[in-house]
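Summary of the model geometry
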Amino acid sequence: MPKLSKRTETFTDSVIRRMTRVSLKYGAVNLSQGFPDFEPPQMILKRLAEMPGENVHQYSLTWGSKPFRAALAEKQTRFMGHPVDPEKEIVVTCGSTEAMMAAMMTVANPGDKVIVFSPFYENYGADTILSGAEPIYVPLVPPTYDFDPDVLEDAFRQHPKALILCNPSNPCGKVFTRAELEFIATLAERYDTFVITDEVYEHIVYAPHQHVYFATLPGMWERTISCSSLSKTYSITGWRLGYTLACPEITDRIMKVHDFLTVGAPHPLQEAVIPGLKAGQDYYDGLLATYTRKRDLFVGGLNSLGLECTNPDGAYYVLMDVSEFGYKDDLEFCEVLARDVGVGTVPGSSFFREPVNHLIRFHFAKKDETLYDALNRLESIREKIPARK
Ligand code: GLN
């Protein structure tokens, strides 16, 4: 057989998605891959039920159906406080996964450098490999997950083509402050760098923190590709609806990349989600109240078992310290946890560039009863997983 492609030789499968399969194998409560087990809003499901009779079963326009883009532009204009042109500044993609990949392909040439904060969401590694770029990792330092401004500027001195900004951050729950974002903006301007954002948790930011859209900082609209999705905001991760927002010149190129990558996102689903995009502020207040309660329930539950974890400012993940169990290999620990305790998690090492093996990631986008089930199982963690010497 001839050799398979060089650029994909170093690929492993996604550990996040592998842990979903491991959870299924052991019948574990799956708190690994982040997706809800509760229903999407009824307004969306009701509209979905009407789709069979409508004329939406062929391709939409490659960069997204017109009514979807109109509703999205209106919503984002409202939240971002910056006008979004539905015709020239939006590309609807198959999830933010495609949005990020299309963004990377649009800006990076093989050999270009791209700044990635570590810990990072694991797809960014694959995005850089597939676009031929080389990551420069800049640590977000625990326990506050702040970056060292000098280390960041050193990375910019290598003249990267882009910086990837996941805000709020998966997996550490950091919400970047306006001052931090302004500092990044200053460097992006000084070193003439694009910024590609992943803002899929834009509506899951816990008080008193506030989400600042990077693209809206002075001068940044022209050098930012904002990527986001409807997955987390409307609890529809399986619908694969995401998008890029960028100025017309950048968007024109993303449209072409996206056209050849996937042609388009699912047309009936774009139409069905429109009532969500048109929802008022009370929908977003309700979503945040739900996740605030779940965060307090889950973090409080872990802490009451004497298990130490992060308390996120945004998104729906916690990192728990498992040093006491003495495992050198966190992937092995997560297998044992799924098998013997019955809770599925993701090993922290799949998010960190640094050699971190003492953290595991849970998500809490689950029904309260699922979270209680997981916490009940975790009560016996020390009994079921004896510490290694
Ligand atoms: N973003 C989610 C996570 O980090 C789901 C990722 C995915 O599988 N697309 O778990």
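Residues numbered from 1 in each chain as written. Predicted model: local features only at pLDDT ≥ 70, side-chain atom pairs only at ≥ 80, totals over all residues. Heavy atoms only, no water.

1. Structural notes on the overall build of the chain
Helix and strand content of the chain: 14 helices and 12 strands. Computed over its C-alpha atoms, the radius of gyration of the chain comes to 21 Å, within 12% of the 21 Å expected for a compact globule of 389 residues. Dimensions of the chain, computed from the C-alpha atoms along their principal axes, are close to 60 × 55 × 55 Å. Per-residue burial over the chain gives 56% buried out of 389 residues. (Helix = DSSP H or I, 4+ residues; strand = E, 2+ residues; numbered from the N terminus. Rg over C-alpha atoms; globule rule 2.2 N^0.38 Å. Buried < 20%, exposed > 50% of the residue type's maximum accessible area, 1.4 Å probe, protein only.)

2. Concerning the site of the ligand
Taken together, the residues surrounding the ligand are Ile 16, Arg 17, Gln 33, Gly 34, Tyr 121, Asn 170, Tyr 201, Lys 232, Tyr 317 and Arg 361. Between the ligand and Asn 170 there is a distance of 2.8 Å, counted from an oxygen atom to a side-chain nitrogen or oxygen. Here the ligand has 300 Å² of accessible area as a free molecule, and 88% of this is covered by the chains. Residue composition of the shell around the ligand, by class: four nonpolar, three polar and three charged. (Near = heavy atom within 4 Å. Polar contact = N/O pair within 3.5 Å; in protein donor to acceptor, adjacent residues only side chain to side chain. Areas by Shrake-Rupley, 256 points an atom, 1.4 Å probe, with all protein chains shown as cover. Nonpolar A, V, L, I, M, F, W, Y, C, P; charged D, E, K, R; others polar.)

3. Regarding the packing of aromatic side chains
Summed over all chains, the structure comprises 19 aromatic pairs. Summarising the aromatic geometry, the rings of Phe 38 and Tyr 291 are spaced 6.3 Å apart at their centres and angled 55 degrees between planes, so their arrangement reads as tilted. In this pair, Phe 38 sits in the loop between strand S1 (29-30) and helix H2 (42-49) while Tyr 291 sits in helix H11 (residues 281-304), placing the two residues 253 residues apart along the sequence. The exposure class assigned to Tyr 291 is buried, which follows from its relative accessible area of 0%. Look at Phe 298 and Phe 362: their rings are 5.4 Å apart centre to centre, the planes differ by 65 degrees, and that puts the pair in the edge-to-face class. One end of the pair, Phe 298, is in helix H11; the other, Phe 362, is in strand S12 (residues 359-363), with 64 residues separating them in the sequence. Under the relative-accessibility criterion, Phe 362 is labelled buried at 0%. (Phe/Tyr/Trp six-rings, centres within 6.5 Å; stacked < 30°, edge-to-face > 60°.)

4. Some details on the environment of Pro 119
Mapped onto the elements of the fold, Pro 119 is located in the loop between strand S3 (113-118) and helix H5 (123-131). For the pair Pro 119 and Ile 236, spaced 117 residues apart in sequence, the C-alpha separation works out to 25 Å. When residues no more than four places from it in sequence are discounted, the contact partners of Pro 119 are Leu 140, Tyr 145, Pro 171, Cys 172, Phe 351 and Phe 352. (Contact = heavy atoms within 4.5 Å.)

5. Some details on the sheet that holds strand S8 (residues 241-245)
The strand order across the open sheet built from seven strands is S2-S8-S7-S6-S5-S3-S4, with neighbouring strands paired in mixed fashion. Each of the sheet's edge strands pairs with one partner strand only, and the pair in question is strand S2 (90-94) and strand S4 (134-139). Ignoring which end each strand starts from, the neighbouring axes of this sheet average 25 degrees apart. As defined by bridge partners, strand S6 (residues 194-198) adjoins strand S7 (residues 224-229) across four bridges and the pair is classed as parallel. (Pairing = 2+ DSSP bridges. Axes fitted to C-alpha atoms, helices over the stretch in contact; angles between N-to-C directions.)

6. A closer look at the pattern of salt bridges
As enumerated under the stated definition, the model contains 22 salt bridges in all. A salt bridge links Arg 47 to Glu 50; the nearest nitrogen and oxygen atoms lie 2.6 Å apart. A salt bridge links Arg 339 to Asp 340, with the nearest nitrogen and oxygen atoms 2.8 Å apart. The exposure class of Arg 339 is partly exposed, given its relative accessible area of 48%. According to the relative accessible area criterion, Asp 340 is partly exposed, its value standing at 29%. (Salt bridge = Lys/Arg side-chain N within 4 Å of Asp/Glu carboxyl O.)

7. Notes on the side chain of Thr 251
Inspection of the secondary structure puts Thr 251 in helix H8 (residues 248-262). In this structure Thr 251 touches Lys 88, Glu 89, Ile 90, Val 91 and Ala 246, once residues within four positions along its chain are discounted.

Just distances and angles here, no functional claims.
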